[in-house]
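Examining the three-dimensional arrangement
Listed here are the chains, written in short residue letters.
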Amino acid sequence: MNYVIVGTAGHVDHGKTELVKALTGINTDRLKEEQQRGISIELGFAPLELPGGLKVGLVDVPGHEKFIKQMLAGAGGMDLVLLAVAADEGIMPQTREHLDIINLLQIKKGIVVITKVDLVDEDWLELIKEDVQNFLKGTILENAPILCTSAYAGTGIEELKKVLEKMVSETKPKTRVGQVRLPIDRIFSITGFGTVVTGTLWTGEISVGQILEIMPEKLTTRVRSLQVHGQQVEKAYAGQRVAANLAGLEVTQIKRGSAVVTPNVFTPSYRIDVEFYLLPCAAQVENRQRVRIHLGTSEILGRIILLDRDVLVPGEKAFVQLQLENVLVAGKGDRLVVRSYSPMQTIGGGTVIDPVAGKHKRFDAALLATLAVLAKGTPEELLLEALQNAGDLLLTKNELADKLNLPGTMVDQLVEVLLTKGLIVQIDFDDTSWVADKDRLDSFQKNIEQFLGEYHQKYYLRFGLSKEELRSRKFSKAKVKIFNALLSKWVQDNFLRVENNYVALKGFIPTPSLKEQKLLERIAAEYLSAVFQPPLWSEVLRKLALSEDEGNELLKYLLWKKTLYKIDEELYFHQQSIKGAQELLKQYIEEHGSIQLSEARDLLQSSRKYVLPLLEYFDKIKFTKRIQDKRVLVK
């Protein structure tokens, strides 16, 4: 299931909180001051279940210019935005600033919601819609749907839910693969439980009991418990709103802007290199100008170092270094927003190129060329990205070379480097060599482990799942050769067992209950006592008063144990009967040179009904061979 965060944006008093309340039934203004003043001051959160069952997290952000930093703290985790424009006021200053932020953070999916339509007439509403359409031209929301609503009257709310559901279903989920990153937006203490932090989980998965780190404070902690939208869970996934109860921490030790992360992965830094874009509406920026940097839920003061010029004019991009007054934890590719120091206005933003940069000399041509390459990604990063986003889990080196438009020799070198770093895995099978992103492969292996574990729990008398069913259920889009290569690797890694085209987890052993064991013994006795004239399976079911489903599970177990052998449809022989028949036939053929059906019938003291299928079975397993109307031993 995809987990998607939907956030609001828009000018103060344009109905964002009432819109969230109309959608969810929850008033996200939880503070006394918010309720008294009738405006949002802090971030608000509410779960929403859409008509088709999709669940999303709604983040309601303040619209007042004084609380833009709170808005930015919520915007960083958004996958989709609801831009609210009040029908009685239209486009206002914070509408423009919020849309600039949406553009800078590249929140590419959104719905423009014209609110309070009950306060205006049709002619005015048409003018507002036209104004909004012109306002959106050239922005990331230019083609966004525009819906008219009234939270007070309920107008358009159901239509909004339907459009929202369609967009949510089409939104690419955040990656669960890789390191944990949870930017903290709230910290509080609960008596008897201790410190709780909340935030939107950007990447990875968090489990109860997991050891994590608080950065940039470098504090180690353990997850005591987890909640997602007020529900206790054992695991939280990227894209969810998460509340984590953390052990060994005091509320005073951490702050909004800190992040819960995988230990020993992220490095706080006073310098980051950025590809920076200055908004057309902003004033020009001079070298070493003091600014406010917003990344995730953090706000840090710093200075812009222009690396290739003295002045950056509005509407232009440049490579810059942000020198920070406090350490910041960033990742390559993170998007940030920059606001002027005073007056506080959004002036631009950009993408992190190097999150732990050294001090640079300005106007260095070699440095600028390196940053240009890094902005697109290093060859290693491009290769990893190709593996992470490929339709197939495994790619050959030739396929990688084609995707990246790189020489095969360079791809060979990159693969060796990434193998040494443990970031990729190489799988050799059937004269073909594939590579896979390690985190993606590990995640997929966990998925297979869970799937087979659930199968074993449900069908505990079966050895496992047939290869063909596993392939159709979990590898339907994969090439057969890739499926077989992965099975081969997992068998070698002692993760899976494969027997007679059935697949099981390595440690799984079918184990019948005491009642089932007694039934198995009775079934086996029925076939053993009948020797070469065994009963039909339907007769056994009736005699033991077993349902077809119950009996089939017992039969699969007996076949796996090789207590019974299937000879023909509904016809099974006990293993001792099979062995006895082979010994008698072998002895007879060695003495007489061959055997006919009638002779075999007399030898086994049975009838044609049983002996003919048995002889055909022996032909099939190459114990005997038919020559005209006789059978001889296969040498």
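Calculation rules
- Residues numbered from 1 in each chain as written.
- Predicted model: local features only at pLDDT ≥ 70, side-chain atom pairs only at ≥ 80, totals over all residues.
- Heavy atoms only, no water.
- Helix = DSSP H or I, 4+ residues; strand = E, 2+ residues; numbered from the N terminus.
- Buried < 20%, exposed > 50% of the residue type's maximum accessible area, 1.4 Å probe, protein only.
- Contact = heavy atoms within 4.5 Å.
- Areas by Shrake-Rupley, 256 points an atom, 1.4 Å probe, with all protein chains shown as cover.
- Lys, Arg positive; Asp, Glu negative; His and termini not counted.
- Charge placed at Lys NZ, Arg CZ, Asp CG, Glu CD.
- Pairing = 2+ DSSP bridges.
- Salt bridge = Lys/Arg side-chain N within 4 Å of Asp/Glu carboxyl O.
- pLDDT = per-residue confidence, 0-100.
- Core = buried A, V, L, I, M, F, W, Y, C linked by side-chain atoms within 4.5 Å.
- Expected span 1.5 Å × (residues − 1).
- Arc of directions from axis to C-beta.
- Polar contact = N/O pair within 3.5 Å; in protein donor to acceptor, adjacent residues only side chain to side chain.
- Phe/Tyr/Trp six-rings, centres within 6.5 Å; stacked < 30°, edge-to-face > 60°.
- Lys NZ or Arg CZ within 6 Å of the ring centre and 35° of its normal.
- Axes fitted to C-alpha atoms, helices over the stretch in contact; angles between N-to-C directions.

Glancing now at the overall build of the protein chain. In terms of helices and strands, the protein chain carries 19 helices and 35 strands. Projected onto its principal axes, the C-alpha positions of the protein chain cover 110 × 60 × 55 Å. The buried share among the 635 residues of the protein chain stands at 49%. Within the protein chain, residue pairs in contact and separated by at least 24 positions form 67% of the contacts whose partners lie at least 6 positions apart. Counting every atom, the protein chain has about 30,900 Å² of accessible surface; 48% of that belongs to carbon and sulfur. For the protein chain, the distance from the average site of its 82 positive side-chain charges to the average site of its 82 negative ones is 4 Å.

Moving on, we get to the pairing of strand E32 (residues 571-574). The alternating pattern of E32 places Leu571 and Phe573 and Tyr572 and His574 on opposite faces, both of which are buried. The turn linking strand E31 (residues 564-568) back onto E32 is made up of two residues, and Glu570 within it adopts a positive phi angle of 70°.

Of all seven residues in strand E9 (residues 194-200), six are buried; the element is thus mostly enclosed. Summarising the sheet, strand E8 (residues 186-190) and E9 pair through five bridges and their orientation is antiparallel. Residue pairing for E9: Ile190 is matched across the bridge by Gly194. The hairpin turn running from E8 into E9, its antiparallel successor, is three residues long, and Gly192 in that turn takes a positive phi close to 90°. Here E9 pairs with strand E15 (residues 241-247) via six bridges, running antiparallel. Residue pairing for E15: Val196 is matched across the bridge by Asn245.

Time to look at the pattern of salt bridges. A full pass over the atoms with the stated rule returns 29 salt bridges. Note that Arg462 is salt-bridged to Glu553, the shortest N-O span being 2.5 Å. Of this pair, Arg462 sits in the loop between helix H11 (438-458) and strand E28 (465-466) while Glu553 sits in helix H16 (residues 548-560), placing them 91 residues apart in sequence. Taken individually, Arg462 and Glu553 each receive the classification buried, so the pair is uniform in this respect. Of the charged contacts, one joins Lys543 and Glu526 as a salt bridge, the two residues approaching to 2.9 Å between their closest N and O atoms. Placement of Lys543 in helix H15 (residues 537-543) and of Glu526 in helix H14 (residues 514-530) is noted, with a sequence separation of 17 residues between them. Bridged by salt links that share partners, the residues Asp308, Arg309 and Glu316 form one connected network.

This brings us to the confidence of the model for the protein chain. Per-residue confidence for the protein chain gives a mean pLDDT of 88; residues scoring 70 or more make up 94%. Between residues 30-41, whose pLDDT stays under 50, and residues either more than four places distant or in other chains, the model counts 26 contacts.

The next subject is the nonpolar core. Ile304, Leu322 and Leu336 are the most contacted members of the largest nonpolar core, which totals 53 residues. Dropping the residues within four chain positions of it, Leu322 is found in contact with Tyr270, Arg271, Ile272, Val274, Ile293, Arg303, Ile304 and Leu336. Residues Phe444, Phe463, Ala485 and Leu505 belong to the second largest nonpolar core, which totals 29 residues.

Residue placement: Leu328 occurs in strand E22 (residues 317-328). Take Leu328: its relative accessible area is 3%, and that puts it in the buried class. Along the chain, Leu328 and Thr267 lie 61 residues apart, while their C-alpha atoms are 8.5 Å from each other. Not counting residues up to four positions away in its chain, the partners in contact with Leu328 are Thr267, Pro268, Ser269, Ile272, Leu295, Ser298 and Ile300.

As a further point, take H14. Over its 17 residues, H14 runs 25 Å from end to end, which matches the ideal 24 Å to within 8%, given 1.5 Å per residue. For H14, the complete set of buried residues consists of Glu516, Leu519, Leu520, Ile523, Ala524 and Tyr527. Down the axis, H14 shows its buried residues gathered within 135° of arc, on one side only. Of the residues in H14, the exposed ones pointing more than 90 degrees away from the buried face are Leu514, Lys515, Lys518 and Ser529. Looking at the buried residues of H14, the elements they touch are H15, H16, E31, E32 and helix H17 (575-592). Count one or two residues on from H14 and you reach Val531, which has phi positive near 50°.

Turning our eyes to something else, we now look at the side chain of Arg339. Tracing the sequence through the fold places Arg339 in strand E23 (residues 335-340). At 3.0 Å, the side chain of Arg339 and the backbone oxygen of Met344 are in polar contact.

Take the packing of aromatic side chains next. A full pass over the atoms with the stated rule returns 11 aromatic pairs. Between Phe475 and Phe483, the ring centres sit 4.8 Å apart and the planes meet at 65°, which makes this aromatic pair edge-to-face. Pair check on accessibility: Phe475 and Phe483 agree, each one buried. A ring pair is formed by Tyr557 and Trp560, whose centres lie 5.9 Å apart and whose planes are at 50°; its orientation type is tilted. Residue Tyr557 and its partner Trp560 are located together in helix H16, separated by three residues, close to a single helical turn. Above the plane of the ring of Tyr341 lies Arg290, whose end atom (NZ or CZ) is 4.4 Å from the centre. Here the basic side chain of Arg462 rests over the ring of Tyr459, its NZ or CZ set 3.9 Å away from the ring centre.

The subject of this paragraph is the sheet that holds strand E30 (residues 502-505). Spatial strand order, E28-E30-E29: three strands in an open sheet with antiparallel pairing. Only two strands of the sheet have a single neighbouring strand rather than two, namely E28 and strand E29 (496-499). In the sheet, E28 pairs with E30 via two bridges, with the strands oriented antiparallel. Its bridge partner lying in E30, Leu465 is registered against Val503. Against the sheet, H11 engages E28, E29 and E30, with an angle of about 100° to E30.

Read across the open sheet, the three strands follow the order E25-E27-E26; overall the sheet is antiparallel. With one partner strand each, in any of the chains shown, strand E25 (395-396) and strand E26 (424-429) form the two edges of the open sheet. As defined by bridge partners, E26 adjoins strand E27 (residues 432-437) across six bridges and the pair is classed as antiparallel. Of the residues in E27, the one forming a bridge with Gln426 is Val435. Sheet contacts for H11: E26 and E27; angle to E27, the most-contacted strand, approximately 90°. Across the sheet, helix H13 (residues 480-492) is in contact with E26 and E27; its angle to E26 comes to roughly 105°.

Okay, the environment of Thr267 next. For Thr267, the position within the fold is in the loop between strand E16 (259-261) and strand E17 (269-278). A C-alpha to C-alpha distance of 47 Å links Thr267 and Ser150, two positions 117 residues apart in sequence.

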